[in-house]
Amino acid sequence: MEQRVYCSTILLILYISISLVEGELSSISENSSSGKLSVGHRAAVKCAEYSKLAKTENNECNSNILDPSNYKNRKWNYTAKVGEFPHMVILSEKEDGYRCAGTLVSERFVLSVAQCAKLFMDNATVWARIGVVERYQPNKPQAVAIKIRRSFIHPNFTADPLANDVSLLELERECQFDDLKRPACLNTETDVSNSSLFVSGYGIKHTLIERASPVLLKTRIELKNKINSTTLEEIPDGPMFLAAGSVQGMKAPCVGDAGAPLAMAANCNHKVVGLASSGRIGSEVLCARYPSDYARVSNYIEWIENIVWPNPTN
């Protein structure tokens, strides 16, 4: 009798185990057939694709790609070189204007902060200027101005308190890539503490009395835990934001730099880590001497992927 009970128990355990395995296999099969991919997969595939565009015929990195670590033992040059930031986008109501900044992340999409997209809610026409180094000479060869077709503001964005400050702007037509116009990669890692970071923009300043620059500028940025400043305690640092500030004695983003990309060099390309957020529209409170916060790109990868690359086979 005991032997029969024992055998029955073994058979029952085997049956349950087989059922569970079949269920898992069925689930995996369904996910595979439905085209479900892990978060960050599409961004990684596109990053590899875009990075190839940044290489020479000899498969070497384009010398214009900025790597802040190269400035360790030499003077920092604030002025951006031609082709140094091919992902940089100027956003404005005027074809030759400048209101805020964005990052080219695909043929049809620009990544920026929600505050920037909100500025254009009542405007019939918004322009994205790509490949521009000098603001007052927008018609140089290869520079283009493309109309914005529509914008996507993160559904959970709030201005007060500031949260989910991210937006995507869809171009009316595809941007043709070249040495001056090329997408940046999206950072999918939460820890960037050991990375050399920089930000590019036209509002970068050292003091509050400086005017916005007519040429594209760049400056080095350090994360909160690397900066010795009590003012950082007032800046949020968590899943939605990165608290960061300029390296001592250097310039920093200011008015007009909302949406400006905080990036690092990666695989011959730039990888966008954050987007200049609070204090960058109509206020100079957080310029130069104070650190600020950047919308953390890695927190919004799934949302970005579903809009920019909705086809899971891409």
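Small disclaimer: the values here were computed from a predicted structure and weren't measured.

With respect to the overall build of the protein
And step 1. Check the secondary structure of the protein and you find 4 helices and 15 strands.
And step 2. Counting across all 314 residues of the protein, residues that qualify as buried make up 47%.
And step 3. Counting contacts in the protein only where the partners sit at least 6 residues apart, residues at least 24 apart contribute 69% of the total.
And step 4. Of the accessible surface of the protein, which amounts to about 16,100 Å², a share of 49% is contributed by carbon and sulfur atoms.

Concerning the sheet that holds strand S3 (residues 109-112)
And step 1. Ordered by their spatial adjacency, 6 strands build a closed barrel running S1-S2-S3-S8-S5-S4, and the pairing between neighbours is antiparallel. On average, each strand axis in the sheet is inclined to that of its neighbour by 40°, with strand direction left out of account.
And step 2. In this sheet, strand S5 (residues 144-153) lies alongside strand S4 (residues 127-130) in antiparallel orientation, the contact comprising 4 bridges. Counted as the bridge partner of Trp127 is Lys147 from S5.

Brief notes about the pairing of strand S10 (residues 197-201)
And step 1. With 5 of 5 residues buried, S10 is to be regarded as a mostly interior element.
And step 2. Burial along S10 is two-sided: the face carrying Leu197, Val199 and Gly201 and the face carrying Phe198 and Ser200 are both buried.
And step 3. Looking at chain direction, S10 and strand S13 (residues 261-266) are connected through 2 bridges and run antiparallel. If you follow Phe198 over to S13, its bridge partner there is Ala263.

Concerning the state of the cysteines
And step 1. Scanning the entire structure with this criterion turns up 3 disulfides.
And step 2. Note on cysteine connectivity: Cys61 is disulfide-linked to Cys268, with sulfurs 1.8 Å apart. Between Cys61 and Cys268, the S-S torsion sits near -70°, and that sign places the bridge as left-handed. On the criterion of sequence distance, the pair formed by Cys61 in the loop between helix H2 (41-53) and strand S1 (88-92) and Cys268 in the loop between S13 and strand S14 (269-276) is long-range, its members being 207 residues apart.
And step 3. Since its relative accessible area comes to 10%, Cys268 is described here as buried.
And step 4. The residue that forms a disulfide with Cys100 is Cys116, at a sulfur-sulfur distance of 1.9 Å. Here Cys100 and Cys116 share a disulfide; its torsion about the S-S bond, 60°, makes the bridge right-handed. Separated by 16 residues along the polypeptide, Cys100 in strand S2 (residues 100-104) and Cys116 in helix H3 (residues 114-119) bring together distant segments of the chain.

So, the nonpolar core
And step 1. In terms of nonpolar packing, the biggest core is built from 37 residues, with Leu91, Leu111, Leu168, Leu171, Leu186, Val297 and Ile304 touching the most fellow members.
And step 2. Here this core gets 5 residues from one element, more than from any other, and that element is helix H4 (residues 301-308).
And step 3. Excluding its chain neighbours within four sequence positions, the residues that come into contact with Leu171 are Leu104, Glu107, Arg108, Val110, Ala128, Ile130, Ile146, Lys147, Ile148 and Arg149.

Brief notes about the side chain of Ser298
And step 1. Residue position: Ser298 is located in the loop between strand S15 (292-296) and H4.
And step 2. With residues up to four places along the chain from it excluded, the contact list for Ser298 reads Asn187, Thr188, Glu189 and Thr190.

Comments concerning unusual backbone geometry
And step 1. With an omega dihedral of 0°, the bond running from Asp160 to Pro161 counts as a cis peptide bond.
And step 2. With respect to the helices and strands, Pro161 occurs in the loop between strand S6 (158-159) and strand S7 (162-163).

A word on empty space enclosed by the protein
Remark: the empty space left among the atoms is shown by a probe the size of a water molecule rolled over them.
And step 1. Enumeration over the complete set of coordinates arrives at 1 cavity of 30 Å³ or more.
And step 2. For the largest cavity, the full set of lining residues is Lys81, Gly83, Glu84, Phe85, Pro86, Met88, Gly131, Val132, Val133, Leu180 and Leu216.
And step 3. Partitioning the lining of the largest cavity into residue classes produces 7 nonpolar, 2 polar and 2 charged.

A look at the packing of aromatic side chains
And step 1. Applying the stated criterion across every chain, the model contains 4 aromatic pairs.
And step 2. Each ring, one from Tyr50 and one from Phe177, has its centre 6.0 Å from the other, and the planes form 85°; the classification is edge-to-face. Placement of Tyr50 in helix H2 and of Phe177 in the loop between strand S8 (167-171) and strand S9 (185-186) is noted, with a sequence separation of 127 residues between them.
And step 3. On the basis of an interplanar angle of 50° and a centroid distance of 6.1 Å, the ring pair of Phe109 and Phe152 is categorised as tilted.

Concerning the pattern of salt bridges
And step 1. Going through the model one piece at a time under the given rule, you end up with 7 salt bridges.
And step 2. For Glu93, the salt bridge goes to Arg99, with nearest N and O atoms at 2.2 Å.
And step 3. Exposure remark for Arg99: the relative accessible area of 35% places this residue in the partly exposed category.
And step 4. The salt bridge involving Glu170 is made with Arg150; its shortest N-O contact spans 2.6 Å. With Glu170 in strand S8 and Arg150 in strand S5, this residue pair connects regions lying 20 residues apart in the sequence.
And step 5. Given a relative accessible area of 7%, Glu170 falls into the buried group.
And step 6. Residue class for Arg150 comes out partly exposed when judged on its relative accessible area of 43%.

Brief notes about the side chain of Thr103
And step 1. Tracing the backbone shows Thr103 in strand S2.
And step 2. Thr103 gets classed as buried once you look at its relative accessible area, which sits at 0%.
And step 3. Setting aside residues no more than four positions away along its own chain, Thr103 makes contact with His87, Val89, Phe109, Val110, Leu111, Ala184, Gly259, Pro261, Val272 and Leu275.

Rules of the game
- Residues numbered from 1 in each chain as written.
- Predicted model: local features only at pLDDT ≥ 70, side-chain atom pairs only at ≥ 80, totals over all residues.
- Heavy atoms only, no water.
- Helix = DSSP H or I, 4+ residues; strand = E, 2+ residues; numbered from the N terminus.
- Buried < 20%, exposed > 50% of the residue type's maximum accessible area, 1.4 Å probe, protein only.
- Contact = heavy atoms within 4.5 Å.
- Areas by Shrake-Rupley, 256 points an atom, 1.4 Å probe, with all protein chains shown as cover.
- Pairing = 2+ DSSP bridges.
- Axes fitted to C-alpha atoms, helices over the stretch in contact; angles between N-to-C directions.
- Disulfide = S-S within 2.5 Å.
- Core = buried A, V, L, I, M, F, W, Y, C linked by side-chain atoms within 4.5 Å.
- 1 Å grid on protein atoms, 1.4 Å probe; cavity = no way out; pocket = protein on both sides within 12 Å on 5 of 7 lines; lining within 4 Å.
- Points joined across faces, edges and corners; volume = space filled by probe spheres on them.
- Nonpolar A, V, L, I, M, F, W, Y, C, P; charged D, E, K, R; others polar.
- Phe/Tyr/Trp six-rings, centres within 6.5 Å; stacked < 30°, edge-to-face > 60°.
- Salt bridge = Lys/Arg side-chain N within 4 Å of Asp/Glu carboxyl O.

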